[in-house]
Amino acid sequence: MSTSSVSKGCFVFKPSAKKKKRTLTLEDYFADGCEDAENSETRFKLCQDLWDKIKTDTEVLQDELNRKILDSLLDFTRKCSSTHQHSNWASQMRASEIPTAALVLGVNVPDHDMTFQSLSDLLQQSVTPHVVSVQAKECGALKHLMKRVLERMMGTVVAVDDEEEEEPEQLSAQLHKRVHCSLGTLCDWYNTKTRKSNTGTPGKKRSSAVRDEQQQPPVVIIFKDLEAFNSKVLQDFILICSRYIERLPLMFIFGIATSPSTIQHMLPHSVSSLLCIELFQSLSCTQHLATVIDKFILTPQFPFKLSSKVMQVLISIFLYHDFSVKNFIKGVQLALLEHFHSQPLSVLCCKKKEALLNVMQLSHSNLERIRQLLSFKRYVEKQDPQEQDNDCVYLCLHTLTSSLPRYPLGKQIRELHLICLEKNVWENEDYQSAMKLLKMLAKDELIILLQRCAEILEPVKSKKMNSALTLLEMNESRRSKKLSPFEVLRNEVLEFIDSLVKSHLSPPDSQTLNEVSYYSSSATVRRHINATPRTSIQAALSSPYYYLQNDSLKTEDGSVSNAAPDICIAYKLHLECGRLINLYDWLEAYATVVSAAEGNSPDSDNFGKVDEVKHARFIRAVSELEFLGFIKSTKQKTDHVARLTWGGC
């Protein structure tokens, strides 16, 4: 009996290099559907300038806030390095003990990258060129941790036994020959590096101290997220490193998000005793945020402002989500982008009078837009223009009230800011209580507070503000000349401050042209920052046309077309069921809908019949819905599934 065989071969085809997707820029965003294209270029430039200013100024501010702890870390590494250079490393640091800095940064994990980058740069500039950083997600096993450390330290490809990953072709030509993955290899490389650097320039003599400092710079390994590391991997790595400490001046920096006790929980005493640990504590994330709001968001130099609702959304996300100042700033940038994209009059968000005049001359349409603004309609033309020094008055009010015993207006500056944005602050009961408490302060206490207010008001050119300084100076003259009791002067000063508050701290929505500088769409900010994946998935399953842009899927009554993807049909049918769904009934309903989509006549014998193909498609759709969390299996009835979500989009 003759037989025939068919050999099936499996061939591997390497995918071609994918084209890099072009990153969307601010300019692309403005070019897409920007209202009033006439001045979109000007608005884009203003937006980009403010965007860059936010990024640069906040990074500088973050560096200033981290400066103290970074300087302490640099001193620690220099001290340990000096001990190693000028004496016997093993005897000074005790046998097999690795100097380790436990850096407690807090739970604001997204902000840590900036801190570690600054630390790494400073270490490389002033202490040692040998600095590497590793993260837990790339070090699942000991061999991976060793490989990452050696590759980033030595700048070469490191061979790992039984390595599954294939070496990229482009790296083989650029990098050096593979080396074995062990700390012995790192020691040999380090000795070669230090010998080369010690050779120096012929004919130049250096002092022994300078020569020693350059002889053996430390090898610093930064563990960015200690809590996420596998404890067994970390233990084995420390044990191996301790055996090379006499040959290699190793140092560790542990990035800790929770508590220093994490080290004791992850490492047994036999391992932690090999580390000489020193603790470093950074400022809390709430202190960082308060400083950013105080020194950046609330300054007159920053013309773009946020309404109270937008500020509350961003602060709520900060307090209840990630404690990330970095993400808070991203939220401000998002609001900035939305404001300049959607508001044509944002082109006026500039304090340069020449620029404003040029814009008004070029675009007459802006005049009509201004006339349509609600704030402009309320504007009374006969009203005399008032000098707006709101920020100074605001800071002055915070200085007076934040030191009161019961903090009637909120100790944090952001709390007072939100109160002033929402309504007339002088109508607030806390404000009235604060004024009563100020009148009860002792003479010396009040003078100190008023002197602080004087420092805030001093740079202001306003006549009204200058008169406030005159009143504060009268305190000294009246006291020396004894013209009147102190209580009379105190009342005058406080009444004047009260008048400043009432004239300068009215809510933004009562100010003329507040729409130019204030962004108030809190719903847009919340929708972009606080993603709601379940709602988005439901919208996609209910209205596939808007995602696939296929005309055959378009329906007028909001129902799902029978030509929709299987998962959309299964989802629509499951919405018509109760808490428990009979799988057989669900399958029959699905087969009926699919048969209609295939063009079968309802009168035919095969209409709605379940065949193998429909059965397989249905099972796949149900599995996808289960994976997305819409249904789950239940032990109550084996042929049923339980529905987990209720309601539509």
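What you see is a predicted model, and the numbers here were worked out from it, not measured in a lab. (Residues numbered from 1 in each chain as written. Predicted model: local features only at pLDDT ≥ 70, side-chain atom pairs only at ≥ 80, totals over all residues. Heavy atoms only, no water.)

Considerations on helix 4 (residues 112-126)
- Look at helix 4: 21 Å from first C-alpha to last across 15 residues, which is about the 21 Å you get at 1.5 Å a residue.
- Among all positions in helix 4, only His-112, Thr-115, Phe-116, Ser-118, Leu-119, Ser-120, Leu-122 and Leu-123 are buried. (Helix = DSSP H or I, 4+ residues; strand = E, 2+ residues; numbered from the N terminus. Expected span 1.5 Å × (residues − 1). Buried < 20%, exposed > 50% of the residue type's maximum accessible area, 1.4 Å probe, protein only.)

A look at the sheet that holds strand 12 (residues 640-643)
- Taken in spatial order, the three strands line up as 10-12-11 in an open sheet, and their pairing is antiparallel. In the strand order of this sheet, the two ends are held by strand 10 (580-582) and strand 11 (631-633), each with one partner. Adjacent strand axes in the sheet meet at a mean angle of 40 degrees when their direction is disregarded. (Pairing = 2+ DSSP bridges. Axes fitted to C-alpha atoms, helices over the stretch in contact; angles between N-to-C directions.)

Some words on the sheet that holds strand 2 (residues 131-134)
- Pairing is parallel in the open sheet, where five strands are placed in the order 2-5-6-1-7. Strand pairing shows two members of the sheet lacking a second neighbour, strand 2 and strand 7 (275-281), which therefore form its edges. The average undirected angle you get between the axes of adjacent strands in this sheet is 20 degrees.
- Looking at chain direction, strand 5 (residues 219-223) and strand 6 (residues 250-256) are connected through five bridges and run parallel. Opposite Ile-222, over in strand 6, you have Ile-253 as the bridge partner.
- Here helix 9 (residues 231-242) sits on the sheet and contacts strand 1 (98-104), strand 5, strand 6 and strand 7; the angle it forms with strand 6, its principal contact strand, is near 160 degrees. (Contact = heavy atoms within 4.5 Å.)

Section: the nonpolar core
- Membership of the largest hydrophobic core comes to 43 residues, with the highest contact counts inside it found for Leu-145, Phe-223, Phe-237, Ile-238, Phe-252 and Phe-254.
- Of all the secondary-structure elements, those providing two or more residues to this core are strand 1, strand 2, helix 5 (142-154), helix 7 (183-199), strand 5, helix 9, strand 6 and helix 10 (261-266).
- If one sorts the elements of this core by residue count, helix 5 sits on top with six residues.
- Aside from chain neighbours lying at most four places away, what touches Phe-254 is Thr-100, Ala-101, Ala-102, Leu-103, Phe-223, Leu-226, Ile-238, Ile-263 and Leu-275.
- Ranked by size, the runner-up nonpolar core spans 42 residues in total, among them Ile-317, Phe-318, Val-325 and Val-347. (Core = buried A, V, L, I, M, F, W, Y, C linked by side-chain atoms within 4.5 Å.)

Describing the packing of aromatic side chains
- If you walk through the whole model with that rule in mind, you get 14 aromatic pairs.
- Aromatic side chains Phe-223 and Phe-237 sit 6.0 Å apart centroid to centroid with 70 degrees between the ring planes, which places their arrangement in the edge-to-face category. In this pair, Phe-223 sits in strand 5 while Phe-237 sits in helix 9, placing the two residues 14 residues apart along the sequence.
- The exposure class of Phe-223 is buried, given its relative accessible area of 0%.
- Centre to centre, the rings of Phe-252 and Phe-254 are 6.1 Å apart; their planes meet at 25 degrees, and the pair counts as stacked.
- Accessibility expressed as a relative area gives 1% for Phe-252, which makes it buried.
- Grouping aromatic residues by their ring pairs yields a cluster made of Phe-223, Phe-229, Phe-237, Phe-252 and Phe-254. (Phe/Tyr/Trp six-rings, centres within 6.5 Å; stacked < 30°, edge-to-face > 60°.)

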